[in-house]
Amino acid sequence: MTGALYALFRRSFPFVRREEETARDILSNPENRIFIHKDDSENLIGAAVVHKNAILLLCVDAPIRNAGHRIPLCKSN
């Protein structure tokens, strides 16, 4: 899951400079709660990563943003 989350992070925030190893370490913390949404082809298109009371990552793929779709990020992984 960390690979798919990192790929979504890079697509959503291409201008953010973060070492890949650091980002993967943050995203793979076992204390994180991960909420995901996949499309019909099982591709990750939305995610929220929460650590304690802090949202570390919240992103939705660009084609889905502002298109009037409601992306449920309520399933914990």
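Preceding this section is the structure that the text describes.
Residues numbered from 1 in each chain as written. Predicted model: local features only at pLDDT ≥ 70, side-chain atom pairs only at ≥ 80, totals over all residues. Heavy atoms only, no water.

1. Points about helix α1 (residues 2-12)
Listing the buried residues of α1 in full gives Leu 5, Tyr 6, Leu 8, Phe 9 and Ser 12. Each buried residue of α1 lies within a common arc of 160° when the element is viewed along its axis, so the set occupies one face. Each element contacted by the buried residues of α1 is listed here: α2 (20-27), β1 (33-38), β2 (44-51) and β3 (54-60). (Buried < 20%, exposed > 50% of the residue type's maximum accessible area, 1.4 Å probe, protein only. Helix = DSSP H or I, 4+ residues; strand = E, 2+ residues; numbered from the N terminus. Arc of directions from axis to C-beta. Contact = heavy atoms within 4.5 Å.)

2. Some thoughts on the environment of Asn 43
Inspection of the secondary structure assignment puts Asn 43 in the loop between β1 and β2. As a C-alpha pair, Asn 43 and Ala 4 span 39 residues in sequence and 8.6 Å in three-dimensional space. Every residue in contact with Asn 43, bar those within four places of it in the chain, is listed here: His 37 and Lys 38.

3. Re unusual backbone geometry
Despite not being glycine, Glu 42 has its phi angle at roughly 70°, a positive value. Note that Glu 42 resides in the loop between β1 and β2. Backbone geometry places Lys 52, a non-glycine residue, at a positive phi of 55°. Its location among the elements puts Lys 52 in the loop between β2 and β3.

4. So, the pairing of β1
Walk down a regular strand and you will see the side chains alternate between the two sheet faces. For β1 and β2, the ladder comprises six bridges, and the chain directions are antiparallel. Looking at β2, one finds that Ile 36 is bridged to Ala 47. The antiparallel pairing of β1 with β2 creates a hairpin that spans five residues between the two strands, and Glu 42 there sits at a positive phi of about 70°. (Pairing = 2+ DSSP bridges.)

5. Observations regarding the pairing of β3
Here β2 runs beside β3; their pairing, made up of six bridges, is antiparallel. Within the sheet, the bridge partner assigned to Gly 46 lies in β3 and is Val 60. Turn length for the β2-β3 hairpin, with the two strands adjacent in sequence and antiparallel, is two residues, and the turn residue Lys 52 shows positive phi of about 55°.

6. Structural notes on the nonpolar core
Ranked by size, the top nonpolar core spans 13 residues in total, and within it Leu 5, Leu 27, Val 49 and Leu 57 carry the most contacts. No other element matches α1, which puts four residues into this core. Ignoring any residue separated from it by four or fewer positions in sequence, one finds Leu 5 in contact with Leu 27, Ile 34, Leu 44, Ala 47 and Val 49. (Core = buried A, V, L, I, M, F, W, Y, C linked by side-chain atoms within 4.5 Å.)

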